[in-house]
Amino acid sequence: MAFISSGYNPDKPMENRITDIGPRHFGDFLPPVIKKNKGKWAYHEILEPGILLHVADSGDKVYTVRVGAARLMSISHIREICDIADKFCGGHLRFTTRNNVEFMVGTEDEAKALKKELNGRKFAGGSHKFPVGGTGAGVTNIVHTQGWVHCHTPATDASGTVKATMDAVFDEFVNMRLPAPVRIAMACCLNMCGAVHCSDIAILGIHRKPPIIDHEHLDNMCEVPLAVAACPTGAIRPTKTDFQGKQVATVAIKQERCMFCGNCYTMCPSLPLSDKEGDGIAIMVGGKISNRITRPAFSKVVVPFIPNEPPRWPSMTKVIKKILDAYSKDARKYERLGDWANRIGWERFFEKCGLEFSHHLIDDFRDPAYYTWRQTTQFKF
Amino acid sequence: MAKHKTPLLDQLESGPWPSFVSDIKQECASRAKNAKGVDYQVPADCPDDLLGVLEMSYVDGETHWKHGGIVGVFGYGGGVIGRYCDQPEMFPGVAHFHTVRVNQPSGLYYTTEFLRQICDLWELRGSGLTNMHGSTGDIVLLGTTTPQLEEIFFDLTHKMNTDLGGSGSNLRTPSCCLGQSRCEFACIDTQQLCHDLTNTYQDELHRPAFPYKFKFKVDGCPNGCVAAIARSDFSIIGTWRDEIRIDQKAVAAYVGGEIKPNAGAHAGRDWGKFDIQKEVVDRCPTGCMKFEGGKLEINNKECVRCMHCINAMPRALRIGNDRGASILCGAKAPILDGPQMSSLLVPFIKAEEPYDEIKEIVENLWDWWMEEGKNRERLGETMKRLSFQKLLEVTNQKADARHVREPRHNPYIFWKEEEVKGGWQRDIADYRKKHQK
Ligand code: SF4
Ligand code: SF4
Ligand code: SF4
Ligand code: SF4
């Protein structure tokens, strides 16, 4: 390999340097029909799963074909997306905030032909490249985080759990037969860099063993006060210990105070906590973001732990399917998963979903916990 | 021939959903073949090694990535995340595997010309693997080495006229829903507002000076497609304050079954004939609708703009004309003290260029948070620690019943001295004149 210079001169980093220009203006990228009718759209309609029609006040129409995609995407795949957009969409396309791809065309016939074409393209391993769907009252693509592909704190993988889940609920991606949309999100540690705390169903990686203390290296690798300050429960304190006959500065951890957030590890690499047996998945449900009918709501923990079972996490997908099926059968039209659980009562929710309630599911973390306990004699037998 | 055996990952190639494993393998094959004769600037087989180290995690049940080191481009404190593999001898291709965040265009529209430039750049100088897009919204370019960083930045800024996104304790890359570009519900131009904020605050985005991260998200309406209320420290959500526009002819068409209700969103199940009374009027959370004599009436004064009726009958009901935004602040994921959603700070504000009123609030907030916020404390936590009253004070907002879900449950009010007639300074001798010991 020969180093290929971009033109950057390391001896004079400021020479011709361009900084702080920000992203490209979106106006450079809008398809002509979008640019022309921006702010003047009259209505939309989902013609069939994955095909949207938007009609402007001017009478102009745009047909959008939405396809699912893995968020982890190769440039070979992006180039294939570009080839399709060049062939059918005048060289324009967009992504959705939930990792779907949208191809926009001018007529219904083109949209239907494109849907067929897209559904026909498969990877060598047999999976769809561009499954059409993700619209209306169904399950759309999962937003997620990095997992074992690229992060230092995950308690599970993200891409794998998402693939396993979407395979299990694929029928709901290509249909619109649920009582309301179901938004699934995945985060691989409590940090939730992809905040999943307001999702209908959240898949969350959790640790269950306190950090291991690397006494030998801690003082060199970490700022002890930062590690101490990082712990939200005050479980960490500075201390000295004997290491191979030498006094070393290190920390001590009150293990029973640990709630396994991994915050200390983020501040101090000498406090790793990943563990094959300790790590796994919690399932949270009933959150939402939209203000439709009811207020936005937080997701609630309904399954405290499911072991990691790579590559397909069968126990996890079984639980998700059970919840989704019970909801689909029992909820009223327009009721989001959490609205349904609130109406029937959470005691019924566990019964109808066939889930076990355990002490882990009663909040005991700080003040707000009290208000999640039951302060009424209204409950169901 | 695959470099590493990956029997576990191979099981993720079957099933209908797009397989990231198949996709990475296709990139491995493309780089091995190298049809265009690219002089790869990072190990050509790094996608193979990524599969290798991932398979190892699937066997071990533990990650094999170390903490990010401090790497970046000159003059920026964010935009690049250092990443190193903890088994570099076995997987040299990913020994150094840094992430580059590229600021996405608002609304995520692209031309293929631009995307192909990204692909060419990432073929030459990176792993050929990306995230489209990261959780915050950036184009995430996954996997390169330190010597390539300045070259990538030079190419992005000089050849593609684009810039890096944020990371660390700074402004994170703002994001928005597609807004007016293709949504009839958009009350504001989310894309322009997002673009403007991003460009106005380039310094805050590239040079960490905050206690912790800070996110802007802009939703065009209360449907909340980018989750502003749950995921941003500063949530801007489009709304209106006049009347929902009603087209009674279209209402009749919905009732008569000539127009598909819910824009077709529920068409996959037989829910029976559309019943405007049951499905719309009775579902309105404030009970402010009436359907009588074939006419739909809305008592707009009582409407809370939940969007239900408009979502259900988009051809008959349209957002009002006096449009602007609500501003809410303080959302964050559960770390550390539990999850928080944003709290309403400004019920209504006009969102028109150059957005000076919005920026004034932003800057007042930042001044306060940078002064008072503790290390790694999100705005929402500072708010909680120092009170909503303080937030009102620093942003020059007047307390309003809309700020609370309900008034306080305790009478422990921190009265200020100037609020109490006669002040707080009293003389015990005066008191004793009236009250014996
Ligand atoms: S959720 Fe946690 S483990 Fe997963 S990518 Fe984010 S910080 Fe890393
Ligand atoms: S994992 Fe969290 S709770 Fe446990 S010691 Fe570390 S910082 Fe404290
Ligand atoms: S948030 Fe509202 S305006 Fe924005 S895309 Fe969603 S429905 Fe449309
Ligand atoms: S927007 Fe919501 S609150 Fe307002 S009239 Fe419609 S259903 Fe009722």
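Use the structure listed above.
Everything in this summary refers to the structure shown in the same document. Note that this is a predicted model, so its numbers are computed, not measured.

Calculation rules
- Residues numbered from 1 in each chain as written.
- Chains lettered and ligands numbered in written order.
- Predicted model: local features only at pLDDT ≥ 70, side-chain atom pairs only at ≥ 80, totals over all residues.
- Heavy atoms only, no water.
- Disulfide = S-S within 2.5 Å.
- Helix = DSSP H or I, 4+ residues; strand = E, 2+ residues; numbered from the N terminus.
- Buried < 20%, exposed > 50% of the residue type's maximum accessible area, 1.4 Å probe, protein only.
- Salt bridge = Lys/Arg side-chain N within 4 Å of Asp/Glu carboxyl O.
- Pairing = 2+ DSSP bridges.
- Axes fitted to C-alpha atoms, helices over the stretch in contact; angles between N-to-C directions.
- Contact = heavy atoms within 4.5 Å.
- Near = heavy atom within 4 Å.
- Nonpolar A, V, L, I, M, F, W, Y, C, P; charged D, E, K, R; others polar.
- Buried area = accessible area lost by both parts, 1.4 Å probe.
- Polar contact = N/O pair within 3.5 Å; in protein donor to acceptor, adjacent residues only side chain to side chain.
- Phe/Tyr/Trp six-rings, centres within 6.5 Å; stacked < 30°, edge-to-face > 60°.
- Lys NZ or Arg CZ within 6 Å of the ring centre and 35° of its normal.

Let's talk about the state of the cysteines
Then comes step 1: Under the counting rule described, the total for this entry stands at 1 disulfide over all chains.
Then comes step 2: Disulfide pairing places Cys222 of chain A opposite Cys268 of chain A at an S-S distance of 2.1 Å. Between Cys222 of chain A and Cys268 of chain A the sulfur-sulfur dihedral comes to about 65°; the bridge is accordingly right-handed. Here the residue Cys222 of chain A occupies a position in the loop between α6 (215–221) and α7 (224–230), and Cys268 of chain A occupies one in the loop between α8 (263–267) and β11 (280–285), the gap between them amounting to 46 residues. Of the two residues, Cys222 of chain A and Cys268 of chain A, neither departs from the other in class, the shared state being buried.
Then comes step 3: Not engaged in a disulfide, the cysteine Cys119 of chain B finds its nearest cysteine sulfur in Cys82 of chain A; these two sulfurs lie 5.6 Å apart.

Considering the pattern of salt bridges
Then comes step 1: Applying the stated rule across the entire model yields 50 salt bridges over all chains.
Then comes step 2: In this structure, Asp45 of chain B engages Lys3 of chain B in a salt bridge whose closest nitrogen and oxygen atoms are separated by 2.8 Å. Placement of Asp45 of chain B in the loop between α2 (20–33) and α3 (46–60) and of Lys3 of chain B in the segment before α1 (7–10) is noted, with a sequence separation of 42 residues between them.
Then comes step 3: Residues Asp400 of chain B and Arg402 of chain B are paired through a salt bridge, measuring 2.9 Å at the closest nitrogen-oxygen approach.
Then comes step 4: Taking the relative accessible area as the measure of exposure, Arg402 of chain B reaches 56% and is therefore exposed.
Then comes step 5: Here the residues in one salt-bridge network are Glu48, Glu108, Lys112 and Lys115 of chain A, joined through shared partners.

Section: the pairing of strand β4 (residues 129–132) of chain B
Then comes step 1: Here β4 of chain B shows no split at all, with Leu129 and Asn131 of chain B on one side and Thr130 and Met132 of chain B on the other all buried.
Then comes step 2: Relative to β4 of chain B, strand β4 (residues 72–74) of chain A is paired through 3 bridges, and the arrangement is antiparallel. Within the sheet, the bridge partner assigned to Leu72 of chain A lies in β4 of chain B and is Asn131 of chain B.
Then comes step 3: Of the strand pairs in this sheet, β4 of chain B and strand β5 (residues 139–142) of chain B are connected by 4 bridges, and their pairing is antiparallel. Bridge pairing in β5 of chain B links Thr130 of chain B to Leu141 of chain B.
Then comes step 4: Linkage of β4 of chain B to β5 of chain B, two consecutive antiparallel strands, is achieved through a turn of 6 residues, within which Gly137 of chain B is found at a positive phi near 130°.

Some details on the sheet that holds strand β8 (residues 201–206) of chain A
Residues and elements named next belong to chain A.
Then comes step 1: Pairing is mixed across the open sheet formed by 4 strands, whose spatial order is β7-β8-β11-β12. Two strands close off the open sheet at either side, each with one partner strand: β7 (184–187) and β12 (300–307). Taking the axes of each pair of neighbouring strands and ignoring which way they run, one obtains an average angle of 20° across the sheet.
Then comes step 2: Across 4 bridges, the pairing between β7 and β8 is parallel. Paired with Met186 across the bridge in β8 is Ile203.
Then comes step 3: Against the sheet, helix α11 (residues 346–353) contacts β11 and β12, and its axis sits at roughly 35° relative to β12.

Observations concerning the site of ligand 1
Then comes step 1: Close to ligand 1 lie Thr145, Gln146, Cys151, Thr153, Pro154, Cys188, Cys189, Asn191, Met192 and Cys193 of chain A.
Then comes step 2: Grouping the constituent residues of the shell around ligand 1 by class yields 6 nonpolar, 4 polar and no charged.

Considering the environment of Asn300 of chain B
Residues and elements named next belong to chain B.
Then comes step 1: Assignment of secondary structure puts Asn300 in the loop between β11 (295–298) and α11 (308–312).
Then comes step 2: For the pair formed by Asn300 and Gly287, sequence separation is 13 residues and the distance between their alpha carbons is 11 Å.
Then comes step 3: Non-local contacts of Asn300, meaning those with residues more than four positions away in its chain, are made with Asp242, Glu243 and Ile244.

Some details on the pairing of strand β3 (residues 61–67) of chain A
Residue and element names in this part refer to chain A.
Then comes step 1: Burial analysis of β3 places 6 of its 7 residues in the buried class, which makes it a mostly covered element.
Then comes step 2: Relative to β3, strand β2 (residues 51–56) runs antiparallel, the two being bridged by 5 bridges. Bridge pairing links Leu53 to Tyr63 in β3.
Then comes step 3: The hairpin formed by β2 and β3 contains 4 residues between the paired strands, and Gly59 there has a positive phi angle of roughly 95°.

Re the interface of chain A and chain B
Then comes step 1: Taken together, the contacts link 141 residues of chain A with 145 residues of chain B.
Then comes step 2: Of the roughly 12800 Å² buried where chain A meets chain B, counting both sides, 57% is carbon and sulfur surface.
Then comes step 3: For chain A, the biggest contributors to the area lost against chain B are Trp148, His150 and Lys333 of chain A; these three give 6% of the whole.
Then comes step 4: With a shortest N-O distance of 2.8 Å, Glu102 of chain A and Arg182 of chain B are connected by a salt bridge.
Then comes step 5: Taken together, the connections running from chain A to chain B amount to 81 residue pairs in polar contact (both at pLDDT 80 or more).
Then comes step 6: For the side of chain A that touches chain B, the element with the most residues is helix α2 (residues 75–88) of chain A, which contributes 9 residues.
Then comes step 7: The residue makeup of the side of chain A that touches chain B, split by class, is 71 nonpolar, 42 polar and 28 charged.

Looking at the packing of aromatic side chains
Then comes step 1: Scanning all chains against the criterion turns up 31 aromatic pairs over all chains.
Then comes step 2: Here the aromatic rings of Phe214 of chain B and Phe216 of chain B are separated by 5.6 Å at their centres, their planes lie at 80°, and the arrangement is edge-to-face. Assigned by exposure class, Phe214 of chain B and Phe216 of chain B land together as buried.
Then comes step 3: Geometrically, the ring pair formed by Phe216 of chain B and Trp366 of chain B is tilted, given 5.9 Å between the ring centres and 50° between the ring planes. Here the residue Phe216 of chain B occupies a position in strand β7 (residues 216–219), and Trp366 of chain B occupies one in helix α12 (residues 356–372), the gap between them amounting to 150 residues.
Then comes step 4: Through successive ring pairs, a cluster of aromatic residues spans Tyr201, Phe210, Phe214, Phe216, Phe234, Trp366 and Trp369 of chain B.
Then comes step 5: The ring of Phe305 of chain A is capped by Arg208 of chain A, whose NZ or CZ atom sits 3.3 Å from the centre of that ring.

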